[in-house]
Amino acid sequence: MKKRLLSICLIVILVLSLGGAAMAASKPENSFIPGRVPAETDAIQSVTPPIHALVLCMVENDLEYSKSDLFTWKSLYYMLSLYGQMDARAELTDDMLILPAETAADYASALFPDFQGLPPLPAGWDRVIYDARLDQYCLARGDEGLAETVLTGSRNLSGGGLLVDGRLLDPSTGNTLVRFQATLTPNDGMFGYAVADLKLQ
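Every chain begins its residue count from 1, and numbering advances along the sequence as written. Residue-level local features of this predicted model are given only where pLDDT is at least 70; pairs of side-chain atoms are given and counted only at 80 or more, and the full residue set underlies all totals for whole chains, interfaces and linings. Side-chain numbers here rest on the full set of heavy atoms in the structure, without hydrogens or water.

Points about the overall build of the protein chain
To qualify as a helix, a DSSP run of H or I must reach at least 4 residues; to qualify as a strand, a run of E must reach at least 2; elements of each kind are numbered from the N terminus. Scanning the protein chain for helices and strands turns up 4 helices and 9 strands. Seen in sequence order, the protein chain has helices and strands lined up from the N terminus as α-β-α-α-β-β-α-β-β-β-β-β-β. Buried residues are those whose accessible area, probed at 1.4 Å on protein chains only, stays under 20% of the maximum for their type, while exposed residues exceed 50% and partly exposed ones sit between those limits. Expressed as a percentage of its 201 residues, the buried residues of the protein chain come to 48%. Note on contacts: a residue pair qualifies if any of its non-hydrogen atoms lie within 4.5 Å across the two residues. Here the contacts in the protein chain between residues at least 6 apart in sequence split such that 54% fall between residues at least 24 apart. On the protein chain, roughly 9800 Å² of surface is accessible, and the fraction owed to carbon and sulfur atoms is 52%. For every accessible area listed, the method is Shrake-Rupley and the probe measures 1.4 Å; residues are considered covered only by the protein chains on display.

Laid out in structure tokens, this is it:
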């Protein structure tokens, strides 16, 4: 129960500038800009952080969605860099973000379906360091960036899944950088859904 309450509180903190109504194709667009906290959110809007992290990772690194160890860690790095510092379990220094392994796994479970645990860190990749003695991850703090994720509509899939359409915008110009479509499956993690697939269009 305590963990569930913590999860709900974290969702409210993490999802930014989304409004309170449930997203539907016929309703106004929901957008997310890092740094803004809404009064309330819902389960659909709560999946914006993992989608935002995945889209940024794919666009900035010219990658396709996959379940490889390297993509897992690169996308998780975006997720933790953008939202991990707002987690009550986080510790911040001038240049590092320190998170328990359990916290990193909580966030990763929203990026991939049927999450079975964090893979080993990629060899030679130094953005994240694992401290086995304390069972925690130390992340080099990165730039939050200014891109804005806008979810424009959703359609129900069998088994409680969702197909979500959206855009990544440059908020300074309003220009669309890329359009995307994400397939979501329900799970019992802190975000309510996991991204099962994501395609840039």
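Here the narrative resumes, following the displayed structure.
A closer look at the confidence of the model for the protein chain
Scored from 0 to 100, pLDDT records how confident the predictor is in each individual residue. The predicted model of the protein chain has a mean per-residue pLDDT of 80, with 76% of residues at 70 or higher. pLDDT under 50 marks residues 1-40. Its contacts with residues more than four places away, or in other chains, come to 96 contacts.

Regarding the pattern of salt bridges
Definition used for salt bridges: Asp or Glu carboxyl oxygen within 4 Å of a side-chain nitrogen of Lys or Arg. Under the counting rule described, the total for this entry stands at 4 salt bridges. With a shortest N-O distance of 2.8 Å, Arg-89 and Asp-106 are connected by a salt bridge. You can see Arg-89 sitting in the loop between helix H3 (69-83) and strand S2 (91-92) and its partner Asp-106 sitting in helix H4 (residues 101-108), a full 17 residues away along the chain. Among the salt bridges present, the one from Lys-199 reaches Asp-197, with a minimum N-O distance of 2.3 Å. Judged by relative accessible area, Lys-199 falls into the partly exposed class, the value being 49%. It is possible to trace a salt-bridge network through shared partners that takes in Asp-87, Arg-89 and Asp-106.

Thoughts on the packing of H3 against H4
For the pair H3 and H4, interaxial distance at closest approach is 10 Å and the crossing angle is 110 degrees. By the criterion of interaxial angle, the relationship of H3 to H4 is roughly perpendicular. Seen from H3, the contacting residues are Leu-76, Met-79, Leu-80 and Tyr-83; seen from H4, they are Ala-104, Tyr-107 and Ala-108. As a rule, the C-alpha atoms of each element are fitted with a line to give its axis, helices using only the stretch in contact, and angles between N-to-C directions run from 0 to 180 degrees. Any angle that is under 35 degrees is reported as roughly parallel, and any over 145 degrees as roughly antiparallel; angles of 65 to 115 degrees are reported as roughly perpendicular and all others as oblique.

Some thoughts on helix H2 (residues 48-61)
Quick reminder: α-helices carry 3.6 residues per turn. Residues three or four places apart thus point the same way. Helix span, expected: 1.5 Å multiplied by one less than the number of residues in the helix. Counted at 1.5 Å a residue, the expected span for H2 with its 14 residues is 20 Å, and the 20 Å between its end C-alpha atoms agrees. Across the 14 residues of H2, 11 count as buried, placing the element largely inside the fold. The complete set of buried residues in H2 reads Thr-48, Pro-49, Pro-50, Ile-51, His-52, Ala-53, Leu-54, Val-55, Leu-56, Cys-57 and Met-58. After H2 finishes, the residue Asp-62 shows a positive phi value of roughly 55 degrees.

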